[in-house]
Structures are given as structure tokens and as C-alpha cells.
Amino acid sequence: MTPFFWWTMHFLLAGRVPWRRLLPSAILTGVFFAGLGVFSEFYFSSTIISDSRTYGTIGAVFSIMTWFVAIGAVIILGAVAGATWEDRKAKVA
Amino acid sequence: MVQPDHKDPQPVAEQEATPARRAERKALAAARNRFEGSLAQSFVRQLKAIDFSDQVMLFGAGLLVSALPLLILLSAFASNRVDDDISLRLGLDRRASGIMTHLFTSAPATLNVATATSLVFVTAGTLAVASSLQQIYEKVFHQDHRGLRGLHRLLIWIAVLCLVVVFQSVVGRPVRNLSDVPCGPCSSPSPS
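Because the structure is predicted, anything quoted here is derived from the model rather than measured. (Residues numbered from 1 in each chain as written. Chains lettered and ligands numbered in written order. Predicted model: local features only at pLDDT ≥ 70, side-chain atom pairs only at ≥ 80, totals over all residues. Heavy atoms only, no water.)

A. Fine view of the confidence of the model for chain B. Of all residues in chain B, 68% have pLDDT values of 70 or greater, and the mean over the chain is 74. Interface scoring of the predicted complex returns ipTM 0.89; its pTM is 0.76. (pLDDT = per-residue confidence, 0-100.)

Right under this line is the structure:
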């Protein structure tokens, strides 16, 4: 996912931020995404089963909603963490 | 006037607790000093500046109301099952995948006015999600918002995202099918 997010940041920012500055954010987003994948494997199966048992079919939608919110968190946390790292590096240099 | 011989018990208690409190205050001050000007403080400040919790919820809700129906419509037109892809991405086991299959059971779509209208709305919603992502990145990297000038970029990004999702599904499906193949005698139930 790292190359996709690297390109996404550069493309959506219309090339105004150099590739080099975006790299930490892309790497961290990729790492967080991988972490979300691992977390999903342990968390979502049991959650979907228990939610659908408690709430019916809409329970599975709750789980998908949680997954989408987690994707949003991963994207923002990755971008912010990388940008903060780059800013700190620029201040030190 | 004679002062009553009354002693407030609180100062005594405070005096007794002073060393513990002093240590606590010292630890707090040390933690605060360590946090001040640190990378963690910059990170938290940046998260506050972009309204992290609001953005996450809005982004998640946007994905739910736009990207998910888009995927379902695309899968209906492509005669391809979306539940397999979602199960693959969520890393679901067989029982949870069964629930997903039940959730996304749909007939192949035909192009009529209602479908076309919903497709337009779904595309607009997906554009909103892409725009929200663009604005998040602009805030994070301190860039001005380009407004409608960046519209073509959003459209291209959505097209590329669809291609990436389709590619991952095509690549991921054989792997998943392989993992689902029973391994002969080891998967069969014992006769007893």
C-alpha cells in the first residue's frame, strides 16, 4: 500500500510537496495499514458474529462502519506522523 | 478575646502526605518537561489542528455511504461478488464470511433510470470522500485548498483506486481459494 499512498499524497496535493517529504507519511500509512490488517484478523470475525447475533444483519454493517473509521484513522495518523517527523527533521537540520 | 483551642485536622493530614505529594508533583513536572517540545507533543498538536476525531468520523461515514454502494454497484455490473473482497480485506473466518455473503446477496443489476441516478449520487459521494482526503492532506502539509481546480485529480484518483481494488481482488482471490481447498483426509471429520 505504501507506493499507492505515496502517489496519492503527491497527486492529490498537485505535486506541491516534494516526493521526498511525503515518503515518511507514505511508509507510516503503509505500516499502520498492515497493523490494521493484523488487528482485523483477530477482531472483526468475532465482532461480526456477535454483532449479527445481537442486532441481526445490521450488526455486520456496524462492523464495516468500524472498519471504515479505522481506515480513516490509519490514513490520518500515518500522514500526520510522517509530516511531524519531517517537520522535526527540518527544524533540527 | 480568647481564641478557641481548635486545631484543624486537615493541615496535619497535608503535612503527612507532603512527601508523597511532592514526589507525585516532581514526577508530573518531569513528565511535563519531557513532553514539552517533544515529537509526541508536535504530533498531538498537529492532530488537534486538523480535528482528528471529527475528520476520522466524517471520513468513515463518507466511505460507508458512498464507497460501499459504489463497490456493490460495480460488483453487480461486473457480476463479481463484493462480499468475498470485503471478507478478504477484513481477514474474516468462514462463519463471518457467511454472514457477509448473506448481507450482500443481490441480483445482477440492469441499467435503468433508478440505477443510473443512484450511480450518479454514489459517484458524487465518492468524489466527496476523495475531496475530504485531499483536504486532510492539504491541512497536514500546510497547503492551500485548490477548490474546483483539483476536480480532475479527484476523478483520476478514484479511477486509479478502483483499478487498484480490482487488481488486489483478482490477485487475492486465487490465494484465498487455495487456502479454502480442503486438504484431503486431514479436513474430513473423523468417522467415530
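B. Expanded view of the pattern of salt bridges. Scanning the entire structure with this criterion turns up 4 salt bridges over all chains. Two residues, Glu-138 of chain B and Arg-16 of chain A, come together in a salt bridge whose shortest N-O distance is 3.0 Å. You can see Glu-138 of chain B sitting in helix α6 (residues 113–140) and its partner Arg-16 of chain A sitting in the loop between α1 (2–12) and α2 (19–55), one on each of two chains. With its nearest N and O atoms 3.5 Å apart, the salt bridge here joins Glu-86 of chain A to Lys-89 of chain A. Here the residue Glu-86 of chain A and the residue Lys-89 of chain A both occupy positions in helix α3 (residues 57–92), the gap between them amounting to 3 residues, near one helical turn. With a relative accessible area of 10%, Glu-86 of chain A lands in the buried category. (Salt bridge = Lys/Arg side-chain N within 4 Å of Asp/Glu carboxyl O. Helix = DSSP H or I, 4+ residues; strand = E, 2+ residues; numbered from the N terminus. Buried < 20%, exposed > 50% of the residue type's maximum accessible area, 1.4 Å probe, protein only.)

C. Here's a closer look at the side chain of Gln-41 of chain B. Its place among the elements puts Gln-41 of chain B in helix α2 (residues 39–49). We classify Gln-41 of chain B as buried; its relative accessible area is 12%.

D. Quick look at the side chain of Thr-29 of chain A. Residues and elements named next belong to chain A. Counting through the fold element by element, Thr-29 comes out in helix α2. Judged by relative accessible area, Thr-29 falls into the buried class, the value being 0%. Reaching out from Thr-29, the side chain makes a polar contact with the backbone oxygen of Ser-25 at a distance of 2.6 Å. Here Thr-29 is in contact with Phe-5, Met-9, Val-74, Ile-75, Gly-78 and Ala-79, once residues within four sequence places are set aside. (Polar contact = N/O pair within 3.5 Å; in protein donor to acceptor, adjacent residues only side chain to side chain. Contact = heavy atoms within 4.5 Å.)

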